[in-house]
Amino acid sequence: MNYRHAYHAGNFADVVKHVVLSRLVEYLKQKDKAFRVIDTHAGIGRYDLSSSEAQKTGEWQGGIGRLIDAEPSGAAAALLAPYLDAVRSLNPDGAVKKYPGSPLIARHLLRKQDRLSAIELHPQDVAKLKALFASDFQTRVIELDGWLALGAHLPPKEKRGLVLVDPPFEEEGEFDRLVEGLQRAHKRWPGGIYALWYPVKDRKAVAAFRKALKETGIPKLLDIGFEIRPPSADPSLDGSGMVVVNPPFTLEGELRTLLPALHRLLAVEKPAHWTLDWLAGE
């Protein structure tokens, strides 16, 4: 998968990932005690949807573009509000011209006592990320291989929080690294919330990944699947998924409201499905 995120920012996979991220952060805010969000593959933090990369694919138009133009109502609207507020904070004129990456969405939602660790390896991306968060004492930008952060930076001193693992899937073996990284992290910090993003492109690889997660023995694993079309003849991003470890007790119910509403807006070809499965636990 050729994955420079500027080409894909704001697409359907970003929308689902960032909606889940926002719900996890909102849950953590229910207690006064401080928490930390650790983003292991943070990217540049903010994306220009008028850039040549974004315009070349136009993927954002089938993601945040659709959602902004046709918001769900009722309970889904209330659950989407924190995420959409983060997007609108970059677009005060109404039209979506810029899109926040996961570190910027998390930072937008934090309270004054909470902290963000944004970790990125690519030197040019780190430079942009540091410029974005310059003078922000609540955010620490770290130039580091995100996989190493799953050992060295856990547990955080706050002892509460969320680890988002959103690798680029540019190399072979990313599914294996996700499983190995989670096992290493969970041993160091078993009580943390972990959110692992993955593409639905190679269905056999996804099935093997889910099976490997079940075999880790980690007790609470909720798998979120979101497909926008049936399997393509040629390898293509037909969907995406997130595995949430130690999910808040509120999350499953929220997703059963959110996922159908998002699917009605973002699916492009039938049959396509969303799924919510406990790989371990409930």
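Refer to the preceding data block for the structure.
For the structure given in this document, a descriptive report is provided here. In this numbering scheme, every chain counts its residues from 1 along its sequence in written order. pLDDT decides what is reported in this predicted model: residues at 70 or higher carry local features, side-chain atom pairs at 80 or more are listed and counted, and totals for whole chains, interfaces and linings draw on all residues regardless. Hydrogens and water are ignored here; the side-chain numbers use all heavy atoms of the structure.

## Thoughts on the packing of aromatic side chains
Turning to step 1, where the next piece is worked out: Only centres within 6.5 Å qualify two rings of Phe, Tyr or Trp (six-membered ring in Trp) as a pair; their planes then separate them into stacked at under 30 degrees, edge-to-face at over 60, and tilted for everything else. The full count for this structure, using the stated rule, is seven aromatic pairs.
Turning to step 2, where the next piece is worked out: Seen from their ring centres, Phe169 and Phe175 are 5.0 Å apart, and the 65° between their planes marks the pair as edge-to-face.
Turning to step 3, where the next piece is worked out: Owing to a relative accessible area of 8%, Phe169 belongs among the buried residues under this scheme.
Turning to step 4, where the next piece is worked out: For Phe175, a relative accessible area of 16% translates into the label buried.
Turning to step 5, where the next piece is worked out: An aromatic cluster is present here, built from Phe169, Phe175, Trp197, Tyr198 and Phe209 joined pairwise through their rings.
Turning to step 6, where the next piece is worked out: The rule for a charge over a ring is simple: NZ of Lys or CZ of Arg within 6 Å of the ring centre, and within 35 degrees of the ring normal. Across the ring face of Trp197, the terminal group of Lys17 is positioned such that the distance to the ring centre comes to 5.3 Å. The buried label applies to any residue whose accessible area, calculated with a 1.4 Å probe on protein chains only, is under 20% of its type's maximum; exposed applies above 50%, and partly exposed to all values in between.

## Section: helix α10 (residues 251-266)
Turning to step 1, where the next piece is worked out: By the criteria applied, helices consist of DSSP H or I runs no shorter than four residues and strands consist of E runs no shorter than two, each listed in order from the N terminus. When we look at burial in α10, the residues that qualify are Leu251, Glu254, Leu255, Leu258, Leu259, Pro260, Ala261, Leu262, His263, Leu265 and Leu266.
Turning to step 2, where the next piece is worked out: Contacts from the buried residues of α10 go to α1 (12-28), α3 (64-69), α4 (74-89), β8 (221-227), β9 (239-245) and β10 (274-280). A contact between two residues is defined here by any heavy atoms of the two lying within 4.5 Å.

## As for the packing of α1 against helix α5 (residues 102-109)
Turning to step 1, where the next piece is worked out: All axes here are fitted lines through C-alpha atoms, helices being fitted over the stretch that makes contact, and every angle between N-to-C directions spans 0 to 180 degrees. Close contact between α1 and α5 brings their axes to 10 Å; oriented N to C, the two are set at 30°. By the angle between their directions, the pair α1 and α5 is classed as roughly parallel. Along this stretch, α1 crosses α5, giving a crossing that reads as right-handed. Here His18, Leu21, Ser22, Val25 and Glu26 of α1 come into contact with α5, specifically with Ser102, Ile105, Ala106 and Leu109. To sort the angles, those under 35 degrees are grouped as roughly parallel, those over 145 as roughly antiparallel, those from 65 to 115 as roughly perpendicular, and the leftovers as oblique. Helix crossings are classified by the rotation of the near helix relative to the far one: an anticlockwise turn of less than a right angle makes the crossing left-handed, while a clockwise turn makes it right-handed.

## What to know about the environment of Gly173
Turning to step 1, where the next piece is worked out: In this structure, Gly173 sits in the loop between β6 (161-165) and α8 (174-188).
Turning to step 2, where the next piece is worked out: With a relative accessible area of 31%, Gly173 lands in the partly exposed category.
Turning to step 3, where the next piece is worked out: Between the alpha carbons of Gly173 and Gln61 there is a distance of 30 Å; along the sequence they are 112 residues apart.

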